[in-house]
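Analysis of the macromolecular model
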2 protein chains.
Amino acid sequence: MKKILAMISFCAALSPACAQEALWSGHGNEVSPVIEADGRVTFVLKAPDAHSVKVFGDCIGVAPVDLAKDENGVWTYTTPEAVPSEMYLYKFVVDGVPVIDPLNSYINRDIANNTSLLIVPGDPGDDYLTQDVPHGTISKVWYHSPGYGMDRRMSVYTPAGYFESDERYPVLYLLHGAGGDEDAWCENGRAVQILDNLIATGRAKPMIVVMPNGNVGTQAAPGYTSEGLIRPTVVMASLSDDTYVQSFPEIIEFIDKNYRTNATREGRAIAGLSMGGGHSFKISALYPEMFDYVGLFSAAVGDPASNADMAAKVKAQLFGKDAPYYYIAIGDKDFLYEGNSAYRKWLDNEKLPYVYEESEGGHIWRNWRQYLRTFGSRIFK
Amino acid sequence: MKKILAMISFCAALSPACAQEALWSGHGNEVSPVIEADGRVTFVLKAPDAHSVKVFGDCIGVAPVDLAKDENGVWTYTTPEAVPSEMYLYKFVVDGVPVIDPLNSYINRDIANNTSLLIVPGDPGDDYLTQDVPHGTISKVWYHSPGYGMDRRMSVYTPAGYFESDERYPVLYLLHGAGGDEDAWCENGRAVQILDNLIATGRAKPMIVVMPNGNVGTQAAPGYTSEGLIRPTVVMASLSDDTYVQSFPEIIEFIDKNYRTNATREGRAIAGLSMGGGHSFKISALYPEMFDYVGLFSAAVGDPASNADMAAKVKAQLFGKDAPYYYIAIGDKDFLYEGNSAYRKWLDNEKLPYVYEESEGGHIWRNWRQYLRTFGSRIFK
């Protein structure tokens, strides 16, 4: 018996594929990407027969850059400057074909698009990496939606200590943007790592985080429906179908029934990015008794003058009795900047209190992860 | 407001990247792979500047095959015959570089190796796809291991209906092979889909499935430890460190404490593939009071004559009082075939009852998924 397991060990050491599927892993001795001692990042691809290798992504700049080939057919590119701590996504282009880095096992899916993942440690990168701290549980949960008349999938995070305690926890409902799904905040948003790290360091209160699927009439992320492994498409954002917004209490009901929640207004927050920010705006206005904390991250909001009914709800109901902590954040180059300005102007005119944060850049996950860190650190306190 | 959301819709319809990260998705109008009406499969890659495009994988054959280029720079290959229903993994080779299919969003990770995923519907493929049935919950759970002195990650499946009922459920402990981790049975093994489909169609009893990490001194799958996004390596299988096997009751204790389990011998099964089969053999022998069902899938077992102590335990303890349902399965070309034959010969000589299933092929997931379907349908009945 010892001999047999020793043989597996030997075999597995030679080739990872040996003990499992017999597929060539494509890995040589090269490593990519490499964070150099001086903070620059080197991308590496072994491609002796390729004529052109480029790399592009949000750590590179606007245009793809060329890698240089050495005598062994190994292509490299090192960034000219140290790359600041952040989470980045990139791809190679090999003779015109955009491809995942074959040497990097970590992939991020956003809608139909897979990209290679790089996280540079530091601040904020450390919050996006798994640290040696107690970890919460992330679950992919199905609930029955009477509003849609279908079963729907959501991601639920319960904090470290949930199993061991009898405590009741506050709940943050965290909503994705157009084209995203119930996995988006876990993938691009690194919500599990952020919450683990915020809670472990005392920056945030232990909380449950619920990430539903906010797409109209959609059961689940691509591949998790009976449509099969179809090519994902962007589900159109729509205000003509308010089923999700109006039926949101069914999600809260499911969570309050099945998790140890603090099922009060003080124990609930709602936040979302882009379309999910628009959802958070509407849901908090429609159900003002539900949420004590509202976060609008690069939200799809505008001048409420165009929607008198909603404006009245916000003013009379949401802020009328007991104003929530109302957090608005957006990048200075965000294409929704104008709408947010109009909304803030209306809030100012109406003397409704809110907290505003403006960051650099456009409609990007780098900002939304930062807003989650900030908003997550301020709620339930 | 309506205008703003309409704008997001319009923008998102043009480009999935627009509403989120501004990364080129690399998708044209092409679709790949395509299951043709006659059951053949076509692989497609747009690569006008490439000189050579091949595809390889377990649906292709032993060697990579060439794709042919048309006047638009689109390369295609259609299999000569219909591809039988199964789950397959494949990659392209573009000018010598092995790459994921950029048109296929579905990726399977096995150790450090990412490959494109194709599931051909039918039998058994339908069981590996999400169907329109009630779905269980899959959770990534951390537990504290006193045996290892560290927190460790596992996958836990609870069946559809778990939330709504007060019922107690039997538990299958399902162990991975060398190089795998707590995600392996969910990825290559499609355990969530298999269990959902078996249970929904009455082929299996509703059960909890627990998939721990069986690697020596390892906390979690690559990327989920404080080591960061390091390049995954195969953790050596070892019989010199029996910590996992000896400390296995701590996992059962955690599960019985935190889930509504049928915490009896009749309510527990253990099964595993390769190294995990070896673990299942040893754990069931060491703790004979624990399991009423044992599954050895292509297991790392041999002639117990080389381990008299373990042989005595199997004979006297595991089979001595109340023989478990003992299921042994292996492929006829598996490199562990000889060891399994020796073990079966010993069981025959000792007149210890077991069920044996031999399938075609080697040490491959195709067999292990099939064994899970079979074993999963027979236990707790």
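Let me sum up the structure you'll find in this document. Counting from 1, residues in each chain are numbered in the order their sequence is written. Following the order in which they are written, the chains are lettered starting with A and the ligands numbered starting with 1. Local features in this predicted model are restricted to residues of pLDDT 70 or higher, and side-chain atom pairs are both shown and tallied only at a pLDDT of 80 or more, whereas totals for entire chains, interfaces and linings draw on every residue. Calculation of side-chain values draws on the structure's entire complement of heavy atoms; hydrogens and water are dropped beforehand.

**Considerations on the overall build of chain A**
In terms of regular secondary structure, chain A is built from 10 helices and 18 strands. Referenced to the eigenvectors of the C-alpha coordinate spread, the extents of chain A come out at roughly 70 × 55 × 40 Å. Exposed residues in this analysis have more than 50% of their type's maximum accessible area, buried residues have under 20%, and partly exposed residues fall in between, with area computed by a 1.4 Å probe over protein chains only. Counting the 381 residues in chain A, one finds 64% classified as buried. Here a residue-residue contact requires only that any non-hydrogen atoms of the pair lie within 4.5 Å. In chain A, of all internal contacts separated by at least 6 residues, the share reaching a separation of at least 24 is 74%. Helix numbering and strand numbering both begin at the N terminus, where a helix is a DSSP run of H or I of at least 4 residues and a strand a DSSP run of E of at least 2.

**With respect to helix H7 (residues 275-286) of chain B**
Residues and elements named next belong to chain B. Helix length check: H7 (12 residues) gives 16 Å between terminal C-alpha atoms against 16 Å at 1.5 Å per residue, within 8%. Of all 12 residues in H7, 11 are buried; the element is thus mostly enclosed. Among all positions in H7, only Met 275, Gly 276, Gly 277, Gly 278, His 279, Ser 280, Phe 281, Lys 282, Ile 283, Ser 284 and Ala 285 are buried. Under the convention used throughout, the expected extent of a helix is 1.5 Å for every residue step, that is, one less than its residue count.

**Notes on the sheet that holds strand E5 (residues 68-69) of chain A**
All names here are of chain A. As summarised here, the arrangement of the 4 strands in space is E1-E2-E6-E5, forming an open sheet in which the pairing is antiparallel. Single-partner strands in this sheet number two, and they are strand E1 (34-35) and E5. Relative to strand E2 (residues 41-46), E1 runs antiparallel, the two being bridged by 2 bridges. Looking at the pairing, Val 34 lines up with Thr 42 of E2. Note: two strands are recorded as paired if DSSP finds a minimum of 2 bridges between them.

**Some details on the pairing of strand E13 (residues 171-175) of chain B**
Residue and element names in this part refer to chain B. Burial runs high along E13: 5 of the 5 residues are buried. Alternating residues of E13 divide into Val 171, Tyr 173 and Leu 175 and Leu 172 and Leu 174, and every residue in both groups is buried. The pairing of E13 with strand E14 (residues 208-211) spans 3 bridges and is parallel. Bridge pairing links Leu 172 to Val 209 in E14.

**Quick notes on the pattern of salt bridges**
Side-chain pairing between opposite charges can occur once the charged atoms of the two side chains come close. We define a salt bridge as a side-chain nitrogen of Lys or Arg found within 4 Å of a carboxyl oxygen belonging to Asp or Glu. Per the stated rule, a full pass over the model turns up 36 salt bridges over all chains. In this structure, Arg268(A) and Asp256(A) form a salt bridge, with 2.9 Å as the shortest nitrogen-oxygen distance. With Arg268(A) in strand E15 (residues 268-273) and Asp256(A) in helix H6 (residues 248-258), this residue pair connects regions lying 12 residues apart in the sequence. The class of Arg268(A) is buried, set by a relative accessible area of 7%. Among the ionic pairs, Asp183(B) bridges to Lys140(B), the shortest N-O distance being 2.8 Å. Pair noted here: Asp183(B) is in the loop between E13 and helix H3 (184-187) and Lys140(B) is in strand E11 (residues 137-145), with a separation of 43 residues, a long-range link. Note on accessibility: Asp183(B) and Lys140(B) belong to one class, buried. Three or more residues joined by partner-sharing salt bridges are found here, namely Arg109(A), Lys140(A), Arg153(A), Asp181(A), Glu182(A) and Asp183(A).

**A word on the side chain of His363(A)**
Residues and elements named next belong to chain A. With respect to the element layout, His 363 can be found in the loop between strand E18 (355-359) and helix H10 (365-378). At 2.7 Å, the side chain of His 363 and the side chain of Ser 274 are in polar contact. Any N or O atom pair separated by 3.5 Å or less is treated as a polar contact, with the protein-specific requirement of one donor-capable and one acceptor-capable atom, and with residues adjacent in sequence counted only for side-chain atom pairs. Side-chain polar atoms of His 363 contact the side chain of Asp 334, separated by 2.7 Å.

**Some points on the packing of H7(B) against helix H8 (residues 308-318) of chain B**
Describing two packed helices takes the angle between their axes plus the distance from one axis to the other. Residues and elements named next belong to chain B. The angle between two axes is taken between their N-to-C directions and runs from 0 to 180 degrees, where each axis is a line fitted to C-alpha atoms and a helix contributes only its stretch in contact. At a minimum axis distance of 8 Å, the contact between H7 and H8 shows a crossing angle of 55°. Considered as vectors, H7 and H8 are oriented oblique to each other. The chirality of how H7 crosses H8 is left-handed. Residues Phe 281, Lys 282, Ser 284, Ala 285 and Leu 286 of H7 form the contact with H8, whose participating residues are Met 310, Lys 313, Val 314, Gln 317 and Leu 318. We call Asp, Glu, Lys and Arg charged. Ala, Val, Leu, Ile, Met, Phe, Trp, Tyr, Cys and Pro are nonpolar, and the rest, Gly among them, are polar. Of the residues contributing to the contact of H7 with H8, the split by class is 6 nonpolar, 2 polar and 2 charged. Each angle is binned into one of four classes, with values under 35 degrees roughly parallel, values over 145 roughly antiparallel, values of 65 to 115 roughly perpendicular, and all other values oblique. Two helices cross in a left-handed way if the nearer one is turned anticlockwise from the farther one by less than a right angle. They cross in a right-handed way if the turn is clockwise.

**Regarding the environment of Ala204(A)**
Residues and elements named next belong to chain A. Relative to the helices and strands, Ala 204 is located in the loop between helix H4 (191-200) and strand E14 (208-211). Taking the relative accessible area as the measure of exposure, Ala 204 reaches 5% and is therefore buried. The sequence separation of Ala 204 and Ile 379 amounts to 175 residues, and the corresponding C-alpha distance is 7.7 Å. If we skip the residues at most four places from it in the chain, Ala 204 touches Leu 198, Ile 199, Gly 376, Ser 377 and Lys 381.

**With respect to the packing of H4(A) against H10(A)**
Residue and element names in this part refer to chain A. Running from amino to carboxyl end, H4 crosses H10 at an angle of 35°, the nearest separation of the two axes being 11 Å. Handedness of the crossing formed by H4 with H10: right-handed. Residues Ala 191, Ile 194, Leu 195 and Leu 198 of H4 lie in contact with H10, whose contacting residues are Arg 369, Leu 372, Arg 373, Gly 376 and Ser 377. Its residues assigned to classes, the contact of H4 with H10 comprises 5 nonpolar, 2 polar and 2 charged.

**With respect to unusual backbone geometry**
Following Ser32(A), the chain continues to Pro33(A) via a peptide bond in cis, the omega torsion being -10°. If you trace the backbone, Pro33(A) turns up in the loop between helix H1 (2-14) and E1. For the bond from Asp123(A) to Pro124(A), the omega torsion is 15°, close enough to zero to count as cis. Structurally, the position occupied by Pro124(A) is in the loop between strand E10 (113-120) and helix H2 (125-128). Notably, Asp95(A) is not glycine yet its phi reads approximately 45°, a positive angle. Summarising the element assignment, Asp95(A) is placed in the loop between strand E7 (86-94) and strand E8 (97-99). A positive phi is found at Ser274(B), a non-glycine position, where the angle reads about 55°. Residue position: Ser274(B) is located in the loop between strand E15 (268-273) and H7. Judged by its relative accessible area of 1%, Ser274(B) is buried.

**Concerning the packing of aromatic side chains**
All names here are of chain A. Two aromatic rings from Phe, Tyr or Trp, using only the six-membered ring of Trp, form a pair when their centres are within 6.5 Å; if the ring planes differ by under 30 degrees the pair is stacked, by over 60 it is edge-to-face, and anything between is tilted. Tallying each qualifying case throughout the model produces 48 aromatic pairs over all chains. Where Tyr 293 meets Tyr 325, the ring centres are 6.4 Å apart and the plane angle is 55°; that geometry is what we call tilted. Here Tyr 325 lies in strand E17 (residues 325-331) and Tyr 293 lies in strand E16 (residues 293-297), a separation of 32 residues in the sequence. Grouped by ring-pair contacts, the aromatic residues Trp 185, Tyr 293, Phe 297, Tyr 325, Tyr 327, Trp 365, Trp 368, Tyr 371, Phe 375 and Phe 380 constitute a single cluster. Consider the ring centre and the ring normal. A charge sits over the ring if Lys NZ or Arg CZ is within 6 Å of that centre and within 35 degrees of that normal. Cation over ring: Arg 344 sits above Tyr 356, and NZ or CZ is 3.5 Å from the ring centre. Across the ring face of Tyr 128, the terminal group of Arg 369 is positioned such that the distance to the ring centre comes to 5.2 Å.

**Overview of the side chain of Ser139(B)**
For Ser139(B), the location among the structural elements is in strand E11. Within polar-contact distance, the side chain of Ser139(B) engages the side chain of Ser139(A) at 2.5 Å. Leave out the neighbours within four places in its chain, and Ser139(B) touches Thr137(A), Ile138(A), Ser139(A), Met154(B), Ser155(B) and Val156(B).

**Structural notes on helix H9 (residues 337-349) of chain A**
All names here are of chain A. Taking 1.5 Å as the rise per residue, H9 with 13 residues should run 18 Å; its terminal C-alpha atoms sit 18 Å apart, in good agreement. Taken residue by residue, H9 has Gly 339, Asn 340, Tyr 343, Arg 344, Trp 346 and Leu 347 as its buried positions. Across the axial projection of H9, the buried residues extend over an arc of 155°, all falling on one side. Looking at H9, the residues exposed on the side facing more than 90 degrees away from the buried face are Glu 338, Lys 345 and Asn 349. Just downstream of H9, Lys 351 is the residue with a positive phi angle, here 55°. Comment: arc refers to directions from the helix axis out to C-beta atoms.

**Some words on the sheet that holds strand E1 (residues 34-35) of chain B**
All names here are of chain B. Taken in spatial order, the 4 strands of this open sheet run E1-E2-E6-E5, and their pairing is antiparallel. In the strand order of this sheet, the two ends are held by E1 and strand E5 (68-69), each with one partner. By the bridge criterion, 2 bridges tie E5 to strand E6 (residues 74-78) in an arrangement that is antiparallel. Paired with Ala 68 across the two strands is Thr 76, which belongs to E6.

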